[in-house]
Structures are given as structure tokens and as C-alpha cells.
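What follows is each chain in one-letter form.
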Amino acid sequence: MSWNDTGGNEYDVPLNLVALIDVLTNLLFFLMIGFAAQEIEVKNADKITLPTSTTKAEIELSVAVAITADEILIDQVPVARVVHGAIEAPRDGEKIVPIYDRLNTLRAARQAETAGLSKDDDVVFLLADKDASFALLAPVMKTAAMAGYPNFRFAVVKE
Amino acid sequence: MSVFGSSGKRGFGGGTSAFGKEGSDDVAVDLNLTPLMDVMSNILFFLLASFGAAIVSFVAVSVPVQSDAPGAAPKTDSVMVNLRVLPGEYRLNVTNEAVDREKLEAHRGVLPKRDGRYDNAALHAALYKIKLEFPASDTLMIVPSETTVYDEIIQIMDTARAHEADGKRIRLLPKVVVADLVKAETAE
């Protein structure tokens, strides 16, 4: 039985979907924007299992350093290899040279863009596997501090 | 003549077009929005599903840096809380030159692992006790060992962030400094 087939008379039941589509379009738009912003930060996270945390902080953009089981990436560019839990890269004392150089380059580029020191110019967004040892994290953090990034945002997944 | 025609549906008037013979009452433009709704609902569903699955956030940390600037005069209502993370235990220590040594000694202690896991509940209780006696304290210095993993550092920071009781939330030590004393670990 169809909608129109009631008693032989024709009944038009016009359902106005336009308003509903408006709402859906708006929702879709904001979700896609939010999703894109998240994706910027977690591009390197596919090889990394982030730890969970009770933090409620909203994500903020800064230079992203990812420590995976195989390599270290800065803003998605590989700069050093990780072999058996140790970083394989030239060193100058405690400084890991390619990480230091890359961070310095990025810092100079950011400062040129912002015409001076801005809020996030000394912050590294650090992505590391939850099982990464501090022996692996420490030299990267120390090198970053030497390059002018003494502040870190440790990436986590909200509980 | 009404633009809606006798059927009440919108039509075009005059001439002939791809929509039919204009001016007649037979032409109606009904845009079927149902497939569009279907597509949008599906996209919305998958976006919502994936958005909720991986909300990435951060916890702020810093490392100690050498400074030539003179330090602020120590206050008697705050202490520096140091936590050494050794393979089998936490070692808690508080320092402040302006506070009686006896008062500080009361907050020093060793928190051994329980069932193979660090005792974060005991750590939380100890930090809360420190916060009650030294309410201006806001910084925790974590000194991990070589074997400490990233997840354990995050759990310590979660433990030290706040204390919740009776619906109230008290900030404990939200500022965290991760220090590297790896080489000095064996020294007592």
C-alpha cells in the first residue's frame, strides 16, 4: 500500500527536507574542520600507540617530533634512525646533530613568519609510543632544549 | 494564471524548454533530496565515529634550563617536589631552604611497587599531603630512570595534576619538569 493509496483520494505529504539538510551540512562542516585540525598533529601517530591520560587540554599547534620504533621525524621529515631502541645519528657531545639542525631551521623559519618570538616558538609537540623508554626520549628532549625548545607537549589520547 | 498551476506545483511560464512545454501546468520540478540526505547521514556517522575514537590531547612538560637570572626568594608555603622513578620504587623528596628540615623530612619517603606496578595511589596521597602543608607548591620534578617508559611518566603526571573529593577539584602539582639524571642513577 502506498501513501497515496488511501481511500482512493490523492494525498500529498510534502516533507520539507531542506531545513534538515541545512543542519546536517553545518554539522558536517564543523566536524570536518575539527577532524582536519586533529589530523595535522597525529599524522605520525599511525606507527605509535599513544598513552591515555585524564588531561582535558585542547590540542595546540607546534613543531611535531615523533619518535617511532624505527625513526625520528620532525614535522613528518625523518631526521634520524632508531635501531634497537637507540638513536643512530651523528652527535656533538649530548646533542644529536640532525635533530638540532632541523629544529633550529624550523625555529628560524617560524620566527621569520611571525617577525619575532611567538607563543609556541619554544614548544615541541612530542609523539612517542607509550612503551618508549626514557633512555630514548631523554636525548631527544635534551637536544630540543639545546635548540631552544625547553617546553614540551606530550601527546596522549584522552581517556 | 498562477505560477503554481492548477495542481499547485511550481511551473514555468512561456516557451518550450528542456523541462517541457512552458506555460503548461504539467511541468513540476521536484528535487529529490533523499539520496543527498542518505549520503550526508553516512558521512556524518563515520566522521562522528572516528572523531570520538581518537581524541588526541597533550600534557605540558618542560626540561630544566640553565639561567643566569637570580632566583626568586624561597617562600615558606611552597616546596620543590622531586620524584625519582627507580625500577622498583618511587623516591619522593621535598626541598626548600627556607623551611625547617624536620618539616621537609616528614614528606620524604620511598614508595615501592605493588604487584609489579608503581603505587600511584600512595603517590597521590603523599602529594596531597604536601599540597595541604605547602599550598603554594605547584611544580613536580620527575627524574625518570633509563627503564622508565613514556606511559609511566604520563601516569605520574595524571596522578599529580589534581585531587578530587566531594565534588571539589584541587590542583596539586600541575607544572611538571622532567629532568635527566640517568647517569647519576646508581649514586645514592
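Look above for the structure.
What this report covers is the structure whose coordinates are included nearby.

Conventions adopted
Residues numbered from 1 in each chain as written. Chains lettered and ligands numbered in written order. Predicted model: local features only at pLDDT ≥ 70, side-chain atom pairs only at ≥ 80, totals over all residues. Helix = DSSP H or I, 4+ residues; strand = E, 2+ residues; numbered from the N terminus. Buried ≥ 20, exposed ≤ 12 C-beta atoms within 10 Å, placed from the backbone. Contact = placed C-beta atoms within 7 Å. Core = buried A, V, L, I, M, F, W, Y, C linked by C-beta atoms within 7 Å. Nonpolar A, V, L, I, M, F, W, Y, C, P; charged D, E, K, R; others polar. Expected span 1.5 Å × (residues − 1). Arc of directions from axis to C-beta. Axes fitted to C-alpha atoms, helices over the stretch in contact; angles between N-to-C directions. Parallel < 35°, antiparallel > 145°, perpendicular 65-115°, else oblique. Left-handed = near helix turned anticlockwise from the far one by under 90°.

Looking now at the overall build of chain A. A count of helices and strands for chain A gives three helices and nine strands. Taken from N to C terminus, the helices and strands of chain A fall in the order α-β-β-β-β-β-β-β-α-β-α-β. Counting across all 159 residues of chain A, residues that qualify as buried make up 32%. Across chain A, every contact between residues at least 6 apart in sequence was considered, and the portion connecting residues at least 24 apart equals 64%.

Now for the nonpolar core. Counting residues in hydrophobic clusters, the biggest one holds 67 residues, and the most contacted among them are Val-65, Ile-67, Leu-127 and Leu-137 of chain A. For Leu-137 of chain A, the residues in contact, after removing those within four places along its chain, are Ile-67, Ala-128 and Ala-132 of chain A together with Tyr-150 of chain B.

This paragraph deals with the environment of Pro-135 of chain B. Residue and element names in this part refer to chain B. Here Pro-135 lies in the loop between helix H3 (120–133) and strand E7 (139–144). Residue class for Pro-135 comes out exposed when judged on the 12 C-beta atoms lying within 10 Å of it. Measuring from C-alpha to C-alpha, the distance between Pro-135 and Val-79 comes to 9.0 Å, with 56 residues separating the pair along the chain.

Taken together, the contacts link 43 residues of chain A with 34 residues of chain B. In terms of residue count, helix H1 (residues 18–41) of chain A provides more of the side of chain A that touches chain B than any other element does, eleven residues in total. Of the residues in the side of chain A that touches chain B, the class split is 29 nonpolar, seven polar and seven charged.

Here we come to H3 of chain B. Residue and element names in this part refer to chain B. Helix length check: H3, at 14 residues, gives a terminal C-alpha distance of 20 Å against a target of 20 Å (1.5 Å per residue), a fit within 8%. For H3, the full list of buried residues reads Leu-123, Ala-126, Leu-127, Ile-130 and Lys-131. Each buried residue of H3 sits inside an arc of 140° when the element is viewed along its axis, so together they form one side. Along H3, exposed side chains directed more than 90 degrees from the buried face belong to Ala-121, Lys-129 and Leu-132. Those residues of H3 that are buried lie in contact with strand E4 (80–86), strand E5 (89–95), strand E6 (109–112), helix H4 (150–161) and strand E9 (168–171).

Turning our eyes to something else, we now look at the packing of H3 of chain B against H4 of chain B. Residues and elements named next belong to chain B. The N-to-C vectors of H3 and H4 enclose an angle of 40°; their axes lie 9 Å apart at closest approach. Comparing their axes, H4 and H3 come out oblique. Here the hand of the crossing between H3 and H4 comes out right-handed. Contacts between H3 and H4 pair Asn-120, Leu-123, His-124 and Leu-127 from the former with Gln-155, Thr-159 and Ala-160 from the latter. For the contact of H3 with H4, a count of residues per class yields three nonpolar, four polar and no charged.

In short, shape yes, function no, at least from these values alone.
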